[in-house]
Amino acid sequence: DILEEMGPDEAADLLADLPKQTSTQLLELMEDEDAADVRSLLRYPEDSAGGIMTTEFACVPDGLRAGEALEYLRRSPDAQDDEAMYYVYLTNDTRRLCGVISLRDLVMAPPDAPLDAWIQREPVAVGPYTSQEEVAYLVAKYDLLSIPVVDEESGELLGIVTVDDAIDAVLPTAWKKRLPRFF
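Analysis parameters
- Within any chain, residue numbers begin from 1 and follow the written order of that chain's sequence.
- Only residues with pLDDT of 70 or above have their local features reported here, since the model is predicted, and side-chain atom pairs are shown and tallied only from 80 upward, although totals for entire chains, interfaces and linings are computed over all residues.
- Side-chain figures throughout are based on the complete set of non-hydrogen atoms in the structure, without hydrogens or water.
- Each patch is assembled from residues with relative accessible area greater than 30% and no salt bridge, linking like charges that lie within 9 Å and nonpolar side chains (Val, Leu, Ile, Met, Phe, Trp, Tyr) that lie within 5 Å.
- Computed with the Shrake-Rupley method and a 1.4 Å probe, the accessible areas treat only the protein chains shown as cover for residues.
- Throughout this description, the term salt bridge denotes a Lys or Arg side-chain nitrogen within 4 Å of a carboxyl oxygen of Asp or Glu.
- In this tally, Asp and Glu contribute negative charge and Lys and Arg positive charge; neither His nor the terminal groups of the chain are included.
- Note on charges: their place is set at NZ of Lys, CZ of Arg, CG of Asp or CD of Glu.
- Strands here are runs of E lasting at least two residues and helices are runs of H or I lasting at least four, both read from the DSSP assignment and numbered beginning at the N terminus.
- Only protein chains enter the calculation, and the probe is 1.4 Å; a residue is then buried if its accessible area is under 20% of its type maximum, exposed if over 50%, and partly exposed in between.
- In this context, the arc is that of the directions from the helix axis out to the C-beta atoms.
- In plain words, nonpolar cores are sets of buried Ala, Val, Leu, Ile, Met, Phe, Trp, Tyr and Cys residues tied together by side-chain atoms within 4.5 Å.
- The contact criterion used throughout is that any non-hydrogen atoms of two residues lie within 4.5 Å.

Visitor: What is the right way to look at a negative patch on the surface in this model?
Guide: Among the surface-exposed residues, Glu10, Asp13, Asp17, Glu33, Glu46, Asp47, Asp78, Asp81, Glu83, Glu133 and Asp164 lie close enough to one another that they form a single negatively charged patch. Mapped onto the negative patch, the elements with two or more residues apiece are helix H2 (8-17) and helix H7 (77-81). Tracing the backbone through its elements, the reader meets Glu46 in the loop between helix H4 (32-42) and helix H5 (49-52). The exposure class of Glu46 is exposed, given its relative accessible area of 52%.

Visitor: Would you take a moment to explain H2 for this structure?
Guide: Since the α-helix advances by 3.6 residues per turn, residues separated by three or four positions end up pointing in the same direction. Listed as buried for H2 are Pro8, Asp9, Ala11, Ala12 and Leu15. Take H2 and look down its axis: the buried residues cluster within an arc of 160°, on one side only.

Visitor: Looking at this model, I keep getting lost on the nonpolar core. Mind explaining?
Guide: In globular proteins that are soluble, nonpolar side chains generally tend to be buried together. Judged by nonpolar contacts, the single largest core of 33 residues is most densely connected at Tyr89, Val135, Ile147 and Val161. Top element by residues in this core is strand E5 (residues 157-162). It accounts for four residues. In this structure Ile147 touches Tyr89, Val124, Ala125, Val126, Val135, Leu138, Val139, Gly159, Ile160 and Val161, once residues within four positions along its chain are discounted. The next biggest cluster of nonpolar side chains, apart from the first, holds 14 residues, and it includes Val60, Ala66, Val88 and Leu115.

In structure tokens:
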């Protein structure tokens, strides 16, 4: 129950530190959907984008108007799980990443307006095996609060890496304790 209440990235980190037999037993006790999310994260090396990403993020189908996108988010269980919704990702019906819009821009857009004027169609993204250091570099270079992780072959949006998880590898622990908590 505790693992199911945690974010999938945090649960995967915890299970990765336990003996294999124990983590397998705990995964079997979890709800199927939660366990599937955690298993997908455990496939990647701990210090890779896939190993530090979360599968809890907000996305909407590409082609919606601003008002429709906001209504979609209000009804979306995925959006309700997103604790730090700074960006909304646009995907097609195969979950291929089509673009990104900041939540601020989405809220400020006229409800009847097509989102094309506000969408970044080729967002900075990383693959699941990109190193944590490279992810941190890109987050800093482009001043991002999160970065999408996409499958290199299909373009499918697998998850996102938030800025706090990206900088863990490059910021000493003593400094992290001094920083304010964003989410």
